[in-house]
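# Reading the structure
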Amino acid sequence: LQGTGNCNATNQSWSTYFPIAMFVGPVSHSVCVIALVGPSADYTVTASTPPGSSTSVAPGGNVTYTIGVAGAEGFSYPVTLSVSGLPPGASASWTQNTFSLDGSIPLTITSSTQTPANGYTIQVNGPNTGGNSNHTVTLPFTVVAPQDFTLQPVPGSLNMGPLATGTYAILVNG
């Protein structure tokens, strides 16, 4: 057997063509062999936030993302996802993290009042499936420092006699 020669076949992205020649004494025969090399079964993980929503929160606030999983090329479920990179004091919650078929679920990331103000990159990770690479999607999450404020009595002072009553308003600045 010898793999030389030329195959006159249309090459498609999912196939590999190669010639095989066989020699028995002075007689030779050749054939073009097609090896189907298609895309392997796989899946994708996606993340989004509702239109107009923000991924920035005050300490103690939360953001809800929509996490989706979609199989391709005959992918066989289930897929179990995990979350990593949470900031200190933050938590992740979802109704489920295992997908039995294509779909999406909400994932809520909640900061605590002790979570430091900063920008964070949280990851949703899908497992390796039969030799394919791990599947990771990143979620932006920002905890903003609370605004400082001052209290100011209005009026600034009030002169009153004994047993008199007076009224102050409190103005919040900031």
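Before any of the text, the structure's been laid out above.
These lines cover the structure that appears in this document, whether it is placed above or below. If you're wondering where the values come from, they're calculated on a predicted model, not measured in any experiment.

## As for unusual backbone geometry
The step from V154 to P155 runs through a cis peptide bond, and the omega angle for that step is 0°. Secondary-structure assignment places P155 in the loop between β13 (150–154) and β14 (169–173). Backbone geometry at L163 places phi at a positive 65°, although glycine is not the residue there. On the secondary structure map, L163 appears in the loop between β13 and β14. For L163, a relative accessible area of 89% translates into the label exposed.

## Comments concerning the environment of T142
Tracing the sequence through the fold places T142 in strand β12 (residues 135–143). Along the chain, T142 and S54 lie 88 residues apart, while their C-alpha atoms are 9.2 Å from each other. Not counting the four nearest positions on each side in its chain, T142 is found in contact with T55, S56, V57, N118 and G119.

## Looking at the packing of aromatic side chains
Under the criterion given, the structure shown has two aromatic pairs. Note on F75 and Y77: the rings are 5.1 Å apart at their centroids and 85° apart in plane angle, and the pair reads as edge-to-face. Grouping residues by exposure puts F75 and Y77 together as buried. Counting every residue linked through ring pairs, the aromatic cluster contains Y43, F75 and Y77.

## Focus: the sheet that holds strand β8 (residues 91–94)
Taken in spatial order, the four strands line up as β3-β5-β10-β8 in an open sheet, and their pairing is antiparallel. Looking along the sheet, the strands with just one partner apiece sit at the ends: β3 (42–48) and β8. On average, each strand axis in the sheet is tilted by 25° relative to the strand beside it, whichever way the strands run.

## Considering the nonpolar core
Formed by 22 residues in total, the largest nonpolar core has its most connected members in V45, I67, L81, V124 and F141. Elements represented by at least two residues in this core include exactly β3, β5 (62–72), β10 (103–110), β11 (118–126) and β12. Excluding residues that lie within four positions of it along the chain, F141 makes contacts with T55, V57, V63, Y65, P87, I109, S111, N118, G119, Y120 and I122.

Quick notes on the rules
Residues numbered from 1 in each chain as written. Predicted model: local features only at pLDDT ≥ 70, side-chain atom pairs only at ≥ 80, totals over all residues. Heavy atoms only, no water. Helix = DSSP H or I, 4+ residues; strand = E, 2+ residues; numbered from the N terminus. Buried < 20%, exposed > 50% of the residue type's maximum accessible area, 1.4 Å probe, protein only. Contact = heavy atoms within 4.5 Å. Phe/Tyr/Trp six-rings, centres within 6.5 Å; stacked < 30°, edge-to-face > 60°. Pairing = 2+ DSSP bridges. Axes fitted to C-alpha atoms, helices over the stretch in contact; angles between N-to-C directions. Core = buried A, V, L, I, M, F, W, Y, C linked by side-chain atoms within 4.5 Å.

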